[in-house]
Amino acid sequence: MILIIDDNEDIRFTLKEMCEFCEWPSIEASNGKEGITLFRKLDPDLVLVDFHMPEWDGLKTVKAIRNENKHIPIIVLTVDDRQDIANSFLEAGATDFAMKPIKAPDLISRIKLNMKYAKLSNTDKDIYVDKGINKETRKSIKHFLYHQKQPVTINDIQAQLPIAYQTVHRYLHHMAEKGEIEVISDYGSRGRPKNKYQLL
(Lines give C-alpha, C1' and ligand atoms only; values in the text may rest on other atoms or scores of the structure.)
Protein backbone atom coordinates (compact mmCIF):
# COMPACT_ATOMS: atom_id res chain seq x y z
CA MET A 1 0.00 0.00 0.00
CA ILE A 2 1.28 3.45 -0.97
CA LEU A 3 0.46 6.59 1.01
CA ILE A 4 0.24 9.71 -1.19
CA ILE A 5 0.64 13.03 0.64
CA ASP A 6 0.16 16.08 -1.59
CA ASP A 7 -2.00 19.20 -1.26
CA ASN A 8 -2.64 19.32 -5.03
CA GLU A 9 -5.74 17.31 -5.91
CA ASP A 10 -4.73 16.89 -9.58
CA ILE A 11 -1.35 15.45 -8.59
CA ARG A 12 -2.99 13.08 -6.09
CA PHE A 13 -5.33 11.92 -8.85
CA THR A 14 -2.39 11.33 -11.23
CA LEU A 15 -0.45 9.40 -8.58
CA LYS A 16 -3.50 7.31 -7.65
CA GLU A 17 -4.11 6.43 -11.32
CA MET A 18 -0.46 5.45 -11.67
CA CYS A 19 -0.72 3.21 -8.59
CA GLU A 20 -3.89 1.59 -9.93
CA PHE A 21 -2.16 0.92 -13.24
CA CYS A 22 0.61 -0.91 -11.35
CA GLU A 23 -1.93 -2.67 -9.10
CA TRP A 24 -0.62 -1.00 -5.93
CA PRO A 25 -3.34 -0.10 -3.40
CA SER A 26 -3.08 3.56 -2.44
CA ILE A 27 -4.50 6.03 0.06
CA GLU A 28 -4.41 9.82 -0.10
CA ALA A 29 -3.84 12.68 2.30
CA SER A 30 -4.02 16.37 1.39
CA ASN A 31 -1.54 17.50 4.06
CA GLY A 32 1.16 16.23 6.39
CA LYS A 33 -1.02 16.04 9.51
CA GLU A 34 -3.65 13.96 7.74
CA GLY A 35 -0.85 11.86 6.25
CA ILE A 36 0.58 11.00 9.68
CA THR A 37 -2.88 9.98 10.94
CA LEU A 38 -3.33 7.62 7.97
CA PHE A 39 0.23 6.36 8.36
CA ARG A 40 -0.46 5.32 11.96
CA LYS A 41 -3.79 3.72 11.04
CA LEU A 42 -2.83 1.80 7.92
CA ASP A 43 0.92 1.10 8.09
CA PRO A 44 1.71 1.62 4.36
CA ASP A 45 4.67 0.09 2.50
CA LEU A 46 5.91 3.33 0.92
CA VAL A 47 5.19 7.07 1.18
CA LEU A 48 5.13 9.67 -1.61
CA VAL A 49 5.29 13.14 -0.08
CA ASP A 50 5.23 16.59 -1.64
CA PHE A 51 7.81 19.18 -0.56
CA HIS A 52 5.71 22.37 -0.71
CA MET A 53 2.54 22.03 1.38
CA PRO A 54 0.73 24.46 3.67
CA GLU A 55 0.72 23.89 7.44
CA TRP A 56 3.12 20.89 7.47
CA ASP A 57 5.66 21.03 4.65
CA GLY A 58 7.33 17.92 3.28
CA LEU A 59 10.36 18.21 5.55
CA LYS A 60 8.30 18.23 8.75
CA THR A 61 6.19 15.36 7.39
CA VAL A 62 9.24 13.25 6.53
CA LYS A 63 10.66 13.78 10.04
CA ALA A 64 7.33 12.76 11.62
CA ILE A 65 7.09 9.61 9.47
CA ARG A 66 10.68 8.68 10.23
CA ASN A 67 9.96 9.02 13.97
CA GLU A 68 7.16 6.46 13.52
CA ASN A 69 9.08 4.03 11.31
CA LYS A 70 12.83 3.84 10.73
CA HIS A 71 12.74 1.70 7.59
CA ILE A 72 9.81 2.67 5.35
CA PRO A 73 10.82 4.11 1.94
CA ILE A 74 9.91 7.81 1.60
CA ILE A 75 10.06 9.39 -1.86
CA VAL A 76 9.91 13.19 -1.95
CA LEU A 77 8.19 14.90 -4.89
CA THR A 78 9.61 18.33 -5.65
CA VAL A 79 10.18 20.97 -8.33
CA ASP A 80 13.21 22.21 -6.39
CA ASP A 81 16.45 20.54 -7.47
CA ARG A 82 18.84 22.45 -5.18
CA GLN A 83 21.42 20.27 -3.43
CA ASP A 84 20.90 21.88 -0.02
CA ILE A 85 17.17 20.95 -0.16
CA ALA A 86 18.08 17.38 -1.09
CA ASN A 87 20.59 17.24 1.79
CA SER A 88 17.95 18.48 4.26
CA PHE A 89 15.53 15.77 3.19
CA LEU A 90 18.17 13.03 3.29
CA GLU A 91 19.16 14.10 6.80
CA ALA A 92 15.46 14.02 7.80
CA GLY A 93 15.16 10.44 6.53
CA ALA A 94 13.96 10.57 2.90
CA THR A 95 15.18 7.67 0.79
CA ASP A 96 14.65 9.05 -2.74
CA PHE A 97 13.46 12.00 -4.84
CA ALA A 98 11.30 12.40 -7.95
CA MET A 99 11.12 15.67 -9.83
CA LYS A 100 7.90 17.37 -10.80
CA PRO A 101 6.31 17.40 -13.29
CA ILE A 102 5.92 13.68 -12.64
CA LYS A 103 7.14 11.30 -15.32
CA ALA A 104 5.34 8.01 -14.70
CA PRO A 105 8.08 5.62 -15.97
CA ASP A 106 10.68 7.29 -13.74
CA LEU A 107 8.50 7.34 -10.62
CA ILE A 108 7.25 3.77 -11.15
CA SER A 109 10.83 2.49 -11.44
CA ARG A 110 11.80 4.43 -8.28
CA ILE A 111 8.86 2.98 -6.35
CA LYS A 112 9.69 -0.57 -7.50
CA LEU A 113 13.34 -0.15 -6.56
CA ASN A 114 12.56 1.32 -3.13
CA MET A 115 10.00 -1.39 -2.35
CA LYS A 116 12.43 -4.11 -3.43
CA TYR A 117 15.18 -2.65 -1.27
CA ALA A 118 12.80 -2.35 1.72
CA LYS A 119 11.81 -6.03 1.39
CA LEU A 120 15.45 -7.11 1.21
CA SER A 121 16.36 -5.10 4.29
CA ASN A 122 13.42 -6.35 6.38
CA THR A 123 14.10 -9.05 8.93
CA ASP A 124 11.79 -11.97 9.69
CA LYS A 125 10.64 -10.03 12.75
CA ASP A 126 9.20 -7.34 10.49
CA ILE A 127 7.23 -9.84 8.40
CA TYR A 128 5.23 -11.11 11.36
CA VAL A 129 3.57 -8.66 13.70
CA ASP A 130 2.85 -11.42 16.24
CA LYS A 131 3.05 -15.19 16.08
CA GLY A 132 0.76 -16.39 13.31
CA ILE A 133 -0.13 -12.87 12.10
CA ASN A 134 1.15 -12.02 8.64
CA LYS A 135 1.83 -8.32 8.08
CA GLU A 136 0.50 -8.29 4.49
CA THR A 137 -2.77 -10.05 5.38
CA ARG A 138 -3.28 -7.64 8.27
CA LYS A 139 -2.65 -4.67 5.97
CA SER A 140 -5.15 -5.90 3.37
CA ILE A 141 -7.89 -6.20 6.03
CA LYS A 142 -7.08 -2.74 7.44
CA HIS A 143 -7.08 -1.26 3.94
CA PHE A 144 -10.50 -2.80 3.23
CA LEU A 145 -11.92 -1.47 6.53
CA TYR A 146 -10.55 2.00 5.82
CA HIS A 147 -12.59 2.25 2.61
CA GLN A 148 -15.89 1.22 4.25
CA LYS A 149 -18.34 3.96 5.20
CA GLN A 150 -20.26 1.67 7.59
CA PRO A 151 -19.18 -1.07 10.01
CA VAL A 152 -18.94 -4.46 8.26
CA THR A 153 -19.31 -8.13 9.18
CA ILE A 154 -16.74 -10.88 8.74
CA ASN A 155 -18.85 -12.16 5.82
CA ASP A 156 -18.60 -8.74 4.13
CA ILE A 157 -14.80 -8.80 4.44
CA GLN A 158 -14.46 -12.44 3.41
CA ALA A 159 -16.64 -11.84 0.34
CA GLN A 160 -14.26 -9.14 -0.93
CA LEU A 161 -10.87 -10.52 0.08
CA PRO A 162 -9.33 -13.91 -0.78
CA ILE A 163 -9.08 -14.83 2.92
CA ALA A 164 -10.89 -17.64 4.75
CA TYR A 165 -13.65 -16.74 7.26
CA GLN A 166 -11.71 -18.21 10.19
CA THR A 167 -8.59 -16.25 9.21
CA VAL A 168 -10.53 -12.97 8.98
CA HIS A 169 -12.04 -13.70 12.41
CA ARG A 170 -8.61 -14.36 13.94
CA TYR A 171 -7.11 -11.16 12.49
CA LEU A 172 -10.06 -9.03 13.61
CA HIS A 173 -9.75 -10.46 17.12
CA HIS A 174 -6.03 -9.61 17.10
CA MET A 175 -6.68 -6.05 15.83
CA ALA A 176 -9.42 -5.51 18.43
CA GLU A 177 -7.01 -6.57 21.19
CA LYS A 178 -4.48 -4.05 19.85
CA GLY A 179 -7.13 -1.30 19.90
CA GLU A 180 -6.98 -0.76 16.13
CA ILE A 181 -10.63 -1.55 15.39
CA GLU A 182 -13.98 -1.19 17.11
CA VAL A 183 -16.32 -4.17 17.52
CA ILE A 184 -20.00 -3.22 17.35
CA SER A 185 -22.63 -5.77 18.42
CA ASP A 186 -25.71 -5.50 16.21
CA TYR A 187 -28.75 -6.85 18.05
CA GLY A 188 -31.21 -7.86 15.33
CA SER A 189 -34.86 -8.78 15.82
CA ARG A 190 -33.93 -12.26 17.07
CA GLY A 191 -31.08 -14.66 17.63
CA ARG A 192 -27.53 -13.90 18.68
CA PRO A 193 -26.09 -10.43 18.08
CA LYS A 194 -23.98 -10.07 14.94
CA ASN A 195 -20.61 -8.36 15.32
CA LYS A 196 -19.61 -5.60 12.93
CA TYR A 197 -16.18 -4.02 12.68
CA GLN A 198 -14.76 -0.62 11.81
CA LEU A 199 -11.31 0.94 11.87
CA LEU A 200 -10.63 3.38 14.71
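In what follows, the structure referred to is the one given above.
Residues numbered from 1 in each chain as written. Predicted model: local features only at pLDDT ≥ 70, side-chain atom pairs only at ≥ 80, totals over all residues. Heavy atoms only, no water.

Asker: In this structure, what is going on with the nonpolar core? I would like to understand it.
Answerer: Generally speaking, a soluble globular protein has its nonpolar side chains buried in company with each other. In terms of nonpolar packing, the biggest core is built from 42 residues, with Leu145 and Leu172 touching the most fellow members. Other than its neighbours up to four places away in sequence, leucine 145 contacts Val152, Ile157, Leu172, Met175, Ile181, Tyr197 and Leu199. (Core = buried A, V, L, I, M, F, W, Y, C linked by side-chain atoms within 4.5 Å. Buried < 20%, exposed > 50% of the residue type's maximum accessible area, 1.4 Å probe, protein only. Contact = heavy atoms within 4.5 Å.)

Asker: Please clarify how the side chain of threonine 61 should be interpreted in this entry.
Answerer: As for its placement among the helices and strands, threonine 61 is situated in helix H3 (residues 58–68). Judged by its relative accessible area of 0%, threonine 61 falls in the buried class. Side-chain polar atoms of threonine 61 contact the backbone oxygen of aspartate 57, separated by 2.9 Å. Not counting the four nearest positions on each side in its chain, threonine 61 is found in contact with Ile5, Gly32, Ile36, Val49, Met53 and Trp56. (Helix = DSSP H or I, 4+ residues; strand = E, 2+ residues; numbered from the N terminus. Polar contact = N/O pair within 3.5 Å; in protein donor to acceptor, adjacent residues only side chain to side chain.)

Asker: What's the story with the pairing of strand S4 (residues 74–78) in this structure? I'm lost.
Answerer: Strand residues, when the strand is regular, have side chains that alternate between the two faces of the sheet. Extensive coverage of S4 is indicated by the burial of five of its five residues. Of the two faces of S4, the one lined by Ile74, Val76 and Thr78 and the one lined by Ile75 and Leu77 are each fully buried. Relative to S4, strand S3 (residues 46–50) runs parallel, the two sharing four bridges. For leucine 48, the partnering residue across the bridge sits in S4 and is isoleucine 75. Note on the crossover from S3 through H3 to S4: the handedness is right-handed. (Pairing = 2+ DSSP bridges. Right-handed = clockwise from strand over helix to strand, strands pointing away.)

Asker: How do you make sense of the sheet that holds strand S2 (residues 26–29) when you look at a structure like this?
Answerer: Sheet strands associate in pairs through backbone hydrogen bonding, adopting either a parallel or an antiparallel arrangement. With parallel pairing, five strands are arranged side by side in an open sheet as S2-S1-S3-S4-S5. The open sheet is flanked by S2 and strand S5 (96–99), the only strands paired with a single partner. For this sheet the average axis-to-axis angle between neighbouring strands, irrespective of direction, equals 20°. With four bridges connecting them, strand S1 (residues 2–5) and S2 associate as parallel partners. If you follow isoleucine 2 over to S2, its bridge partner there is serine 26. (Axes fitted to C-alpha atoms, helices over the stretch in contact; angles between N-to-C directions.)

Asker: Mind showing me how you'd approach the pattern of salt bridges here?
Answerer: Think of it this way: side chains of opposite charge can pair up when their charged atoms draw near. Scanning all chains against the criterion turns up twelve salt bridges. Close ionic contact of glutamate 55 with lysine 33 constitutes a salt bridge, the shortest N to O distance being 3.3 Å. Of this pair, glutamate 55 sits in the loop between S3 and H3 while lysine 33 sits in helix H2 (residues 32–42), placing them 22 residues apart in sequence. The shortest N-O distance in the salt bridge between arginine 40 and glutamate 68 comes to 2.9 Å. Here arginine 40 is found in helix H2, whereas its partner glutamate 68 is found in helix H3, with 28 residues between them in sequence. What makes arginine 40 exposed here is its relative accessible area of 53%. Where salt bridges share partners, they join Asp6, Asp50 and Lys100 into one cluster. (Salt bridge = Lys/Arg side-chain N within 4 Å of Asp/Glu carboxyl O.)

Asker: Please clarify how the packing of aromatic side chains should be interpreted in this entry.
Answerer: The full count for this structure, using the stated rule, is two aromatic pairs. Pairing phenylalanine 51 with phenylalanine 89 gives two aromatic rings, centres 5.1 Å apart and planes at 90°, and the pair type is edge-to-face. Of this pair, phenylalanine 51 sits in the loop between S3 and H3 while phenylalanine 89 is found in helix H4 (residues 83–92), placing the two residues 38 residues apart along the sequence. By relative accessible area, phenylalanine 51 is classed as buried at 10%. For phenylalanine 89, a relative accessible area of 1% gives the class buried. Ring geometry for phenylalanine 89 against phenylalanine 97: centres 6.2 Å apart, planes inclined by 85°, an arrangement best described as edge-to-face. Each of the two residues, phenylalanine 89 as well as phenylalanine 97, counts as buried. A network of ring pairs unites the aromatic residues Phe51, Phe89 and Phe97 as a single cluster. (Phe/Tyr/Trp six-rings, centres within 6.5 Å; stacked < 30°, edge-to-face > 60°.)

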